[in-house]
Structures are given as structure tokens and as C-alpha cells.
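# Coordinates in review
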Amino acid sequence: MGKEAVVAKSSPDACGHLIAMLFRRNLLDFSAEERSHFVQALDLAKRTTHPQYVIATRRSEEILGDDGNTPQFENISIYNYFVWTHYYSVKKTFLGPGQESFGEVDFSHEGPAFLTWHRFHLLQLEKDMQDMLQDPSFALPYWDFATGKNVCDVCTDDLMGARSSWDPAAISSNSVFSQWRVVCESLEDYDTRGTLCNSTEGGPIRRNPAGNVARPTVQRLPAPQDVAQCLEVGSFDTPPFYSNSTDSFRNTVEGNDPMGRYDPAVRSLHNLAHLFLNGTGGQTHLSPNDPIFVLLHTFTDAVFDEWLRRHDADISTFPLENAPIGHNRQFNMVPFWPPVTSTEMFVTAADNLGYTYEVQWPSQNFSISEIVTIAVVAALGLVGLIFLGTSYLIRARSKMDEANQPLLIDQYQPYDGGYEKAQNATQPMV
Ligand SMILES: O=C(O)c1cc2cc(O)c(O)cc2[nH]1
């Protein structure tokens, strides 16, 4: 059995068969042995040719090559396939030589399918790694990036790689990730020649957490309160189902204003975590090349799953139509094969997908106005209690006084010297 997962229970799938439950855990809770096993598994995935998929390196118009007889496909490693699918989903559309490529289509961001797309992306990598390791209990861990801090706590040499002492934007040579080389970095080629990313590896991963001095707002990670607030947003998504959707859980967790108000300068949660990494992990066409991407997205998926659980997985606000291209709920998510729709991924993971997260969710702090309201109500209540208590005491006291001082009772005969008179009557006269 793999070290990452504890298979403690099973749940029935759609056909009623029992399936083992995978536990996606916090990477920081891993033992030294589990950490090493996970890092080695990622490194093996980077070096192992994908046993099922090849990638297209030219668009459909040129897929048979210059001679019309040479299919333009390449083998690719399991991890680089994960990078390629993300690149393909965000790539610009080539409109022809000399024309600017069209950048308004994004199949995996800025729309309702953001969460469902990345959920399937992770499931595919997890399954590929299980098969590679011949270990069905292998589970991806997560990085709880909502620390509110300005440090990357998983950036250590036993995990995702510390900062190099020589170059602040490089990974320490003690980490295997310093040896990784990125794919899909030839943007110029893709956009001006209409080629597609191929399996050729280029430069090293760049990463400089909290190091973007030009943009102070991305020098600190999201806070736990951001997660708590975002889980309160009631609608999954709202028109226009884009990056300016207000009161939308999807848009909030994706990383616009936590309360769903759109402000192009504001980045939070998922987007902020990407930009905090400040390098390969902050550029959409490249970001999965930095393996922190996997952990950032498992945590984002954990927030999604918690939202589905708390709000009873109501798909009614996931649009059937009018979402950006590729984002309607019954569309196949590009470029996954076999075809899969957002609807299939819009389900609670434990009951339907065979995995769950071990997370302690932050509780919602009260806002200033809520604190003032609570204080006023509490003060009024206290005054009321004091008033009631005092009047009760006064009444009780006066009742006690009446009982303890019978001489004050009206019916009692007032003192008229009768006792002395009677006494005197029985005394013999001297
Ligand atoms: O600027 C952003 O908000 C931003 C950058 C970035 C990179 C990435 O790979 C994503 O998946 C999202 C994202 N957002």
C-alpha cells in the first residue's frame, strides 16, 4: 500500500460496487518517508512516457505534416502530459500568418468550468500515477495555501524545493525539482507560427515566492478568513459567468474579490496563490510545470468539495447555456479524452468520485458591523436583565420586610400601654 493514502473505508459507486476511499491529506502532515515517496513519485511521472496518450504538435489543418503524410504526434511523459492539457486549454487561437492570435478563449479559467475542469485534470494525473506506481491507493496531497503569510511553507528541500542560495528565483540544487525542465514555453512560436506545444523541454522552473516587489498585493498568501468567507457565498455562479461575476462562489474561489465584487486589481485565493509563486507557476500557459500547481489545485478542489457539501450540490446556478465557450454544463471539457462534462464533476467527491479531503476548515470571523450589532443587542439584553432582576429583588425585599416585621402589619393592635395596665392590675399595692 502507498504511503500517501490511508484507505480506511469504502463507498458504493454509481453501480453500487464498493470502491476504496482515497484520503487527500495536507502535505505538511506527511512523515519524512511519505514526503520522500511523494517527491520521488512526481519525479518518476516526469520521466515516464505516458502509456496511453500522445500529443498533437500541430493544429488539425497541419496534423499530417508538410508532406501530408507524417502525422504530427509525439510521445510525452505522464507529468508533461498534465502540463500540455492545461497549456492546450488556455492557448490562444491562431488566426493565420501575420494576424494577432485570439486570446479570449480559455476552456479552464474565468468561467463556471474552472473548478470542474481542474478537478478532472487532477483525477487524471492521480490515476496515471496510480497506474505508474501500480498502487491504487496513491492519493495526491494538498497545500493549504491560505495561511495569510508571506512564506511558502511547502518550499523546503524535502518537499517542493527550497529557494536556491545563489538565485532567489531558482530552486535549491538539493531538490530534485531543480533538475526539472519546463515544456510549453515557446509562446512566440505558437502565436506567430501556429504551432502547438511539443514535448521538448526548455529552461528550469522559476519560482520566487513573495518576491514580486512591483506588486506588493501578491507578496502575501490568502488568509484563512478568505476561505471561510468564500464558503459562505450561496450561488455557484452568476451571469455573465465570467471574471466579473458578482456573488459567485466560483469567481470568488478562483480569486477575484472575496465578496464576489469584481476589481481587476484584486487577486485572492487561487489566483493569488499562483501570483505569489512569482515565476513559472504564475503564468497560465506554463504553471503546471511547477509541481506546486498540483498541491495548489488539490486545495482549491477541497474548497470546492466543501462548498458542494455545505450547499447540497445545487447545479441550478451552473449554466446550461450562455457561459463562455466550453463552460456550459453539458459541454465536453477541452481537451480531455475520453470526453467528460462539468456535470459529471459537479458532485461531492466522497460519495461519487472515491476520494475525500482531511481539512480543518476555518470558521467565519464576525465583521465590524456584526460585532457592533452583537454588542448592542447584548448590552440591551443586559440592561433588561438588570432591570428585571432589580425589580424582582425590590419586590422580594419588601415582601420579606413585611414578613419579618409583624408589628408593621395594619391589623395588629397599636401599642396602647395595655400590657403595663394588666401587669399593674396583678401587682399588689404596696
Ligand atoms: O493573474 C492571475 O490572476 C492569474 C495567473 C494565473 C496563472 C495560472 O496558471 C492560473 O491557472 C491562473 C492564474 N491567474
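Residue indices begin from 1 for each chain and proceed along its sequence in written order. With the structure being a predicted model, the display of local features is reserved for residues of pLDDT at least 70 and the display and counting of side-chain atom pairs for 80 or more, all residues being used for whole-chain, interface and lining totals. Side-chain descriptors were evaluated using all non-hydrogen atoms of the structure, hydrogens and water having been removed beforehand.

An unreviewed UniProt entry annotates the chain as 5,6-dihydroxyindole-2-carboxylic acid oxidase originating from Fukomys damarensis. Under the Pathway (unreviewed entry) heading, UniProt states for the chain: "Pigment biosynthesis; melanin biosynthesis." UniProt positions are given in the numbering used here, feature names are shortened, and annotations may be inferred rather than shown by experiment. Within the UniProt record for the chain, the comment given under Sequence similarities (unreviewed entry) is "Belongs to the tyrosinase family."

### Some remarks on the nonpolar core
Nonpolar core, defined: a set of buried Ala, Val, Leu, Ile, Met, Phe, Trp, Tyr and Cys residues in which side-chain atoms within 4.5 Å join the residues together. Only protein chains enter the accessibility calculation, which uses a 1.4 Å probe; a residue whose area is less than 20% of its type maximum is buried, one above 50% is exposed, and one in between is partly exposed. Core analysis: the biggest nonpolar cluster contains 85 residues, and Phe-38, Tyr-79, Met-129, Trp-143, Met-160 and Phe-249 have the highest contact counts within it. Whether two residues are in contact is decided by their heavy atoms: any pair within 4.5 Å suffices. Apart from the residues lying within four places of it in its own chain, the contact partners of Met-160 are Leu-27, Phe-38, Leu-42, Val-154, Ile-171, Ser-175, Phe-177, Arg-207, Pro-291, Ile-292 and Leu-295.

### Looking at the site of the ligand
All residues in the neighbourhood of the ligand are listed as His-86, His-109, Arg-267, His-270, Asn-271, His-274, Leu-275, Gly-282, Gln-283, Thr-284 and Ser-287. The separation between an oxygen atom of the ligand and a polar side-chain atom of Arg-267 is 2.5 Å. Side-chain atoms alone can form a polar contact between residues adjacent in sequence; in general such a contact is a pair of N or O atoms within 3.5 Å, and within protein one must be able to donate a hydrogen while the other accepts it. Between Ser-287 and the ligand, the recorded distance is 2.4 Å, taken from a side-chain N or O atom to an oxygen atom. Coverage of the ligand by the protein amounts to 87% of the 340 Å² it exposes when considered alone. Here the term charged refers only to Asp, Glu, Lys and Arg, the term nonpolar to Ala, Val, Leu, Ile, Met, Phe, Trp, Tyr, Cys and Pro, and the term polar to all other amino acids, Gly among them. Looking at side-chain class alone, the shell around the ligand contains 1 nonpolar, 9 polar and 1 charged residues. One heavy atom within 4 Å of a molecule or strand is enough for the residue carrying it to be called near that molecule or strand. Calculation of accessible area relied on Shrake-Rupley with a 1.4 Å probe; when residues are assessed, cover is drawn exclusively from the protein chains displayed.

### Side note on the packing of helix H2 (residues 78–90) against helix H3 (residues 113–133)
To obtain an axis, a line is fitted to C-alpha atoms, over the contacting stretch when the element is a helix, and the angle between two such axes runs from 0 to 180 degrees between their N-to-C directions. In this description a helix means any DSSP run of H or I spanning at least four residues, a strand means any run of E spanning at least two, and both kinds are numbered starting from the N terminus. Relative orientation of the contacting elements H2 and H3 amounts to 165°, with a least axis distance of 10 Å. Comparing their axes, H3 and H2 come out roughly antiparallel. Seen from above, H2 lies across H3 with right-handed handedness. Where H2 approaches H3, its residues Ile-78, Tyr-79, Tyr-81, Phe-82, Thr-85, His-86 and Ser-89 are matched on the opposing element by Trp-117, His-118, His-121, Leu-122, Gln-124, Leu-125, Asp-128 and Met-132. Split into classes, the residues belonging to the contact of H2 with H3 amount to 8 nonpolar, 6 polar and 1 charged. Throughout, the term roughly parallel applies to angles under 35 degrees, roughly antiparallel to angles over 145, roughly perpendicular to angles from 65 to 115, and oblique to all others. Each helix crossing is assigned a hand: it is left-handed if the near helix lies turned anticlockwise from the far helix by less than a right angle, otherwise right-handed if that turn is clockwise.

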